[in-house]
Amino acid sequence: MSVVLDLADIQGNILEAYPKQGYFKGRTILLNIGGDAAGRAANGRHFVTQLLPRVTSALDSKGSGGAAEPPAITVNIAFTFYGLLMLGVPTRTLRGLPDEFIDGMAKRARMLGDDFSGRNWQDKWDKVWQPASPENAVHILIVLNQRYTASAADLDAATESIVALAAENQVSVLGGHNPPDYSHQPLYQDLTALFDAQGRPTPKEHFGFSDGISDPVFEGQYPADKEQAAAVGQGAVDGNGVWRALAAGEFLLGYPDEAQEIPGAAMPLSFSRNGTFLAYRKLHENVASWRKFIDDQAEKFAAVRGLTVEVARETLVAKMAGRWSDGVPLIKAKDFAAWQAFNEKYPEGSPERERELVDFTYRDDPDGGACPMTSHTRRVNTRDALDPWVAAGQPKQAAGSVLNNRRRILRRGLPYGSSGPDTTDADEHGIVMLVVCSSLARQFEFVQQQWIHYGVDARAGNDTCPIVGNHSQGADTPDDYARDRNGPKAKFVVPSDPASGKPPYIAEGLPQFVETRGGEYFFVPSLTALRMIGMGTVDPT
């Protein structure tokens, strides 16, 4: 029996990413609940209660229910652990929240690979995320998204209205969305899709990749008559290549997960059900370093493989990502010529292309000859690549993506900043990534630690992800080794076809392409839980 979700109780941007619904710009606002010890909780609860009618549900964002049209500006809210504490949520409820959420992201930075710059790693974080006491830290996250039919003035008006409402309740805006040494410290983090020369929004990010192609599909996310088709390539796959939607409990609390269990949650159940957890991560992209490295390596790669520099550049980038720059998977087009043929057969905008971009497994590429085991997309979504029966050459016993099904995450968010031809690494550009999942530890943290920063499952030793990994710059002295515990210079290996007689290509000395500039773990309550929080009626008994 299929799962039926209460869309009116689930916040928007969980079931479907806002950009796919026509929201191409956005803004995040970070708030602190103020007031004395006696009045702080009442201030925060009154703010939540007054904001509640504006919060966008999954039903509202689709223009269903009471809304004739999707809202011009969506409003969504989430809380840190200390935010819930300041709101007076009972201790028995708080202690039912998971340890990683209570710890917060900064305390788990070494596990996440966010300490790439050494002992003083947090000095590079935005000022707003710098160490602070629980009373002065971020308590509330407000995310606004602007639909294509709205204007910047609409976004500003919504912002001013919420900030004014917050001020009335002694809830203040925490600005500082740049590192401390930047003179400009914005009050808000503005987000925007990247637009092409004709002014059309694109799915690109600053390194030039098409993003957001393959996102998990889970039960109840789509109408029953569309769920199976949507799950192809994006759900769970069995050993025979048959796809199904993932369990709803992997992404929403209060539902059975892939283990057919409803995990323990903060009580009462109505506080947790239809809620989820979110990892807010501001990821700065060193675009200039990326472009220079690719240009330098493309010339060497071209000489070794007998390719033109342009073909070598496109091929190297694709091997690092696991997809060509337009999103075509290497499994479907393992070389440049096959890529061109794919694009002729499946032109942009065709429904056949959309399916081909996601409908594949790694069953026929166990050694990574087409798509390297260490490529970004193969690391973060292993599909059936970890199936031991496939590796053992016994496909009839294959279990498909079972080992991957409990590690999936929903990727939300948008890029920020711009990156023209003359951009530098010091310019502000990157992605604000909002990771949604039921278990931050089992899903987000596992993928970040085990698959992005360790290479064991990718059969690559200590090699990290070539794009978003923690890249060691090597060490010249014993002191350097003590500081840079990741060892020798980071590298990426491009396998070669054994029949070619050519050795693998090793691109050594990968710079740090992506730097974490801050973030935190948040609880995203249902609309029901928001009412409970606002009214102060959370009863864990």
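See the structure shown above.
Since this is a predicted model, take the numbers as computed values, not measurements.

## Structural notes on the overall build of the chain
Then, in step 1: Looking only at helices and strands, the chain has 18 helices and 13 strands in total.
Then, in step 2: Taking 24 Å as the expected radius of gyration for a compact globule of 541 residues, we find that the chain reaches 23 Å, a close match to that expectation.
Then, in step 3: Along the first, second and third principal axes, the C-alpha set of the chain runs to 75 × 55 × 45 Å.
Then, in step 4: Looking at the chain as a whole, 55% of its 541 residues qualify as buried.
Then, in step 5: For the chain, the accessible surface area stands at approximately 22900 Å², while carbon and sulfur atoms represent 53% of it.
Then, in step 6: In the chain, 54 positive and 67 negative side-chain charges are present, and the distance between their average locations comes to 2 Å.

## Remarks on the nonpolar core
Generally speaking, nonpolar side chains in soluble globular proteins are found buried as a group.
Then, in step 1: Counting residues in each nonpolar core, the largest one holds 50 residues, and the members touching the most others are L84, I142 and F271.
Then, in step 2: When sequence neighbours within four positions are dropped, the list of residues in contact with F271 reads L84, V89, T93, A266, F523, A529, M532, I533 and V538.
Then, in step 3: Ranked by size, the runner-up nonpolar core spans 35 residues in total, among them I10, I14, A78 and F251.

## Observations concerning the packing of helix α9 (residues 287-305) against helix α10 (residues 309-321)
Then, in step 1: Axis separation between α9 and α10 bottoms out at 8 Å; the angle between their running directions is 115°. Note on packing geometry: the crossing formed by α9 with α10 is right-handed. Contacts between α9 and α10 involve W290, I294, D295, Q297, A298, E299, F301 and A302 from the former and V309, A312, R313, T315, L316, V317 and M320 from the latter.
Then, in step 2: Tallied by class, residues from the contact of α9 with α10 come to ten nonpolar, two polar and three charged.

## Points about helix α16 (residues 440-452)
Then, in step 1: For α16, with 13 residues, the first-to-last C-alpha span of 15 Å runs short of the 18 Å given by 1.5 Å per residue.
Then, in step 2: Largest kink in α16: about 45°, centred on F446.

## Section: the packing of helix α1 (residues 40-51) against helix α18 (residues 527-535)
Then, in step 1: Contact geometry of α1 with α18 gives a least axis separation of 7 Å together with a crossing angle of 140°. By the angle class used here, α1 and α18 are oblique. Note that α1 runs across α18; the crossing there is left-handed. Between α1, through R45, V48 and T49, and α18, the contact on the second element is made entirely by L530, I533, G534 and M535.
Then, in step 2: When grouped by side-chain class, the residues that make up the contact of α1 with α18 number four nonpolar, two polar and one charged.

## Focus on the side chain of H453
Then, in step 1: Summarising the element assignment, H453 is placed in the loop between α16 and α17 (478-483).
Then, in step 2: Only 3.3 Å separates the side chain of H453 from the backbone oxygen of L112, close enough to count as a polar contact.
Then, in step 3: Looking at H453, its side chain comes within polar contact range of the main-chain nitrogen of N470, at 3.1 Å.
Then, in step 4: Apart from the residues lying within four places of it in its own chain, the contact partners of H453 are L112, G113, Q448, T464, V468, G469 and N470.

## Focus on the pairing of strand β2 (residues 73-79)
Then, in step 1: Most of β2 sits inside the fold, with seven of its seven residues counted as buried.
Then, in step 2: Neither face of β2 is left uncovered, since the one carrying I73, V75, I77 and F79 and the one carrying T74, N76 and A78 both have all their residues buried.
Then, in step 3: Of the pairings in the sheet, the one linking β2 to strand β3 (residues 140-147) comprises seven bridges and is antiparallel in character. Across the sheet, residue I77 finds its bridge partner in β3, namely I142.

## Brief notes about the pairing of strand β12 (residues 505-508)
Then, in step 1: Of the two faces of β12, the one lined by Y505 and A507 is fully buried and the one lined by I506 and E508 carries no buried residue.
Then, in step 2: Where strand β11 (residues 491-494) and β12 come together, four bridges link them in antiparallel fashion. Within β12, the position partnered with K491 by the bridge is E508.

## Brief notes about the environment of S151
Then, in step 1: Note on placement: S151 falls in the loop between β3 and α6 (152-168).
Then, in step 2: Sequence separation of S151 and S500 is 349 residues, and the distance between their C-alpha atoms is 56 Å.

## What to know about unusual backbone geometry
Then, in step 1: Looking along the chain, the bond that leaves M267 and enters P268 is cis, with omega of 5°.
Then, in step 2: At Q260, a residue that is not glycine, the phi angle is positive and equals roughly 60°.
Then, in step 3: Residue placement: Q260 occurs in the loop between β7 (243-244) and α8 (269-272).
Then, in step 4: For Q260, a relative accessible area of 65% translates into the label exposed.

## Let's talk about α1
Then, in step 1: End to end, α1 covers 17 Å across twelve residues, agreeing with the expected 16 Å (1.5 Å per residue, within 8%).
Then, in step 2: For α1, the full list of buried residues reads R40, A41, N43, G44, F47, V48 and L51. In a view along the axis of α1, the buried residues occupy a sector of 165°, so they form one face of it.

## Focus on the packing of aromatic side chains
Then, in step 1: In total, this model carries 23 aromatic pairs according to the counting rule given.
Then, in step 2: Here W324 and F336 contribute two aromatic rings whose centre-to-centre distance is 6.3 Å and whose plane-to-plane angle is 75°, an arrangement assigned as edge-to-face. One end of the pair, W324, is in the loop between α10 and α11 (336-345); the other, F336, is in helix α11, with twelve residues separating them in the sequence.
Then, in step 3: Taking relative accessible area as the criterion, W324 reaches 1% and is therefore assigned buried.
Then, in step 4: With 4.9 Å between their ring centres and 50° between their planes, F342 and Y346 make a pair best called tilted. As far as the burial class goes, F342 and Y346 line up, both buried.
Then, in step 5: Here a set of aromatic residues connected by ring pairs shows up, and it is made of F81, Y82, F101, F271, F277 and F523.
Then, in step 6: Here the guanidinium or amino end of K282 rests over the ring plane of Y416, the centre of that ring lying 4.8 Å away.

Basis of the calculations
Residues numbered from 1 in each chain as written. Predicted model: local features only at pLDDT ≥ 70, side-chain atom pairs only at ≥ 80, totals over all residues. Heavy atoms only, no water. Helix = DSSP H or I, 4+ residues; strand = E, 2+ residues; numbered from the N terminus. Rg over C-alpha atoms; globule rule 2.2 N^0.38 Å. Buried < 20%, exposed > 50% of the residue type's maximum accessible area, 1.4 Å probe, protein only. Areas by Shrake-Rupley, 256 points an atom, 1.4 Å probe, with all protein chains shown as cover. Lys, Arg positive; Asp, Glu negative; His and termini not counted. Charge placed at Lys NZ, Arg CZ, Asp CG, Glu CD. Core = buried A, V, L, I, M, F, W, Y, C linked by side-chain atoms within 4.5 Å. Contact = heavy atoms within 4.5 Å. Axes fitted to C-alpha atoms, helices over the stretch in contact; angles between N-to-C directions. Left-handed = near helix turned anticlockwise from the far one by under 90°. Nonpolar A, V, L, I, M, F, W, Y, C, P; charged D, E, K, R; others polar. Expected span 1.5 Å × (residues − 1). Bend = angle between axes of the 7 residues up to and from the residue. Parallel < 35°, antiparallel > 145°, perpendicular 65-115°, else oblique. Polar contact = N/O pair within 3.5 Å; in protein donor to acceptor, adjacent residues only side chain to side chain. Pairing = 2+ DSSP bridges. Arc of directions from axis to C-beta. Phe/Tyr/Trp six-rings, centres within 6.5 Å; stacked < 30°, edge-to-face > 60°. Lys NZ or Arg CZ within 6 Å of the ring centre and 35° of its normal.

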